[in-house]
Amino acid sequence: MDLIKIGEFIAECRKAKGYTQASLAEQLHITNRAVSKWENGHSLPDAAIMLDLCKLLGITVTELLEGEKGMEKNEELLLEMVRQKQAADKRLLQMEIITGVICVLMLLAAVAVASFAPLPEIWRVLIIVAGLIPLLVAMPFLLQIEQTAGYYECQHCKHRYVPTFKAVLMAMHTGRTRYMKCPECGKRSWQKKVLTKE
Ligand SMILES: [Zn+2]
């Protein structure tokens, strides 16, 4: 246990609540000196006092003993997770473009070969069908990225959400902007893809 850290934390919480060492001591029926000793890291609050102290400071016993607020730690973790999701979504959306372009180029190459190579009719058809395969295989994955990476924003109420796969599949679209119904306000609009929830 880090007494110095705990002491600094007690002092910080005490000041945040607007107490002096004296007024805190008075409420706990102890001496100023005891409070001063905790804050300087010389001693730990007595177990009998700890609960009352925590109540006055608006913290939990765990937070007191760890010398920091648990909530802030969780919020930081949450923020970090949001940042990581944004970065991952961005990479997914970039990968989607690259994969899409490669598939289309393969199809175009197949069409070019089928059109200009001196081959029997059946081979021309087979080559074009083969050229379509990468696109057909990739399409569900690309659509899934469109659905789950980032959010769509309603133009009316600015609500941001992740639509269902079916809504994404059925929607008219230009690039990444899709014409869909907002689950919040129920209006239809051209909804842009955005990376953040807020
Ligand atoms: Zn809306």
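See the structure above.
So, a few notes on the structure that sits alongside this text.

Criteria and thresholds
- Residues numbered from 1 in each chain as written.
- Predicted model: local features only at pLDDT ≥ 70, side-chain atom pairs only at ≥ 80, totals over all residues.
- Heavy atoms only, no water.
- Helix = DSSP H or I, 4+ residues; strand = E, 2+ residues; numbered from the N terminus.
- Buried < 20%, exposed > 50% of the residue type's maximum accessible area, 1.4 Å probe, protein only.
- Contact = heavy atoms within 4.5 Å.
- Areas by Shrake-Rupley, 256 points an atom, 1.4 Å probe, with all protein chains shown as cover.
- Lys, Arg positive; Asp, Glu negative; His and termini not counted.
- Charge placed at Lys NZ, Arg CZ, Asp CG, Glu CD.
- Axes fitted to C-alpha atoms, helices over the stretch in contact; angles between N-to-C directions.
- Parallel < 35°, antiparallel > 145°, perpendicular 65-115°, else oblique.
- Left-handed = near helix turned anticlockwise from the far one by under 90°.
- Pairing = 2+ DSSP bridges.
- Donors = N, O, S within 2.8 Å, 3.2 Å for Na, K, Ca; no water.
- Salt bridge = Lys/Arg side-chain N within 4 Å of Asp/Glu carboxyl O.
- Polar contact = N/O pair within 3.5 Å; in protein donor to acceptor, adjacent residues only side chain to side chain.
- Arc of directions from axis to C-beta.

Once that is clear, we can look at the overall build of the chain. Looking only at helices and strands, the chain has 8 helices and 5 strands in total. Ordering the α and β elements of the chain from the N terminus gives α-α-α-α-α-α-α-β-β-α-β-β-β. When the backbone C-alpha atoms are referred to their principal axes, the chain occupies close to 100 × 40 × 20 Å. Burial status across the chain gives 32% buried among its 198 residues. A sequence separation of at least 24 residues applies to 54% of the contacts in the chain between residues at least 6 apart. On the chain, roughly 12,900 Å² of surface is accessible, and the fraction owed to carbon and sulfur atoms is 64%. Of note, the chain has its 25 positive side-chain charges centred 10 Å away from the centre of its 21 negative side-chain charges.

Looking now at the packing of helix H2 (residues 21-28) against helix H4 (residues 47-57). Between H2 and H4, the least distance of the axes is 10 Å, while the angle of their chain directions is 130 degrees. Accordingly, the angle class assigned to the pair H2 and H4 is oblique. Crossing of H2 against H4: the hand is right-handed. Contacts between H2 and H4 involve Leu 24, Gln 27 and Leu 28 from the former and Ile 49, Asp 52, Leu 53, Leu 56 and Leu 57 from the latter.

Attention now moves to the pairing of strand S5 (residues 188-194). Sheet faces and side chains relate simply in a regular strand, where the side chains alternate between the two faces. As defined by bridge partners, strand S1 (residues 151-153) adjoins S5 across 3 bridges and the pair is classed as antiparallel. Paired with Tyr 152 across the two strands is Lys 193, which belongs to S5. Relative to S5, strand S4 (residues 177-181) runs antiparallel, the two sharing 4 bridges. By the bridge assignment, Tyr 179 is partnered in S5 with Trp 190.

Now for the coordination of the zinc ion. Within the protein, the atoms that donate to the zinc ion are Cys 154 (SG), Cys 157 (SG), Cys 182 (SG) and Cys 185 (SG), at distances of 2.3 to 2.4 Å. Counting residues between consecutive donors of the zinc ion along the chain gives the motif C-x2-C-x24-C-x2-C. Residue Cys 154 is located in the loop between S1 and strand S2 (160-161), and its partner Cys 182 is located in the loop between S4 and S5; the two are separated by 28 residues in the primary sequence.

To continue, consider the side chain of Lys 193. As for its position among the elements, Lys 193 is in strand S5. Buried and without a salt bridge, Lys 193 has Glu 146 as its closest oppositely charged side chain, separated by 5.3 Å. A distance of 2.4 Å separates a polar side-chain atom of Lys 193 from the backbone oxygen of Glu 146. Within polar-contact distance, the side chain of Lys 193 engages the backbone oxygen of Ala 149 at 2.6 Å. Beyond its immediate sequence surroundings of up to four residues, Lys 193 is in contact with Leu 93, Ile 145, Glu 146, Gln 147, Ala 149, Gly 150, Tyr 151, Tyr 152 and Arg 176.

Further remarks concern the environment of Cys 185. Secondary-structure assignment places Cys 185 in the loop between S4 and S5. Along the sequence, Cys 185 and Cys 154 sit 31 residues apart, while their C-alpha atoms lie 8.6 Å from each other. What Cys 185 contacts, discounting residues up to four positions off in sequence, is Cys 154, His 156 and Cys 157.

Three or more residues of helix H3 (residues 32-39) are buried, namely Val 35, Ser 36, Trp 38 and Glu 39. All buried residues of H3 fall inside an arc of 160 degrees around its axis, so they share one side. Packed against the buried residues of H3 are helix H1 (3-16), H2 and H4. Directly beyond the C-terminal end of H3, a positive phi value near 80 degrees is found at Gly 41.

By themselves these figures say nothing about function.
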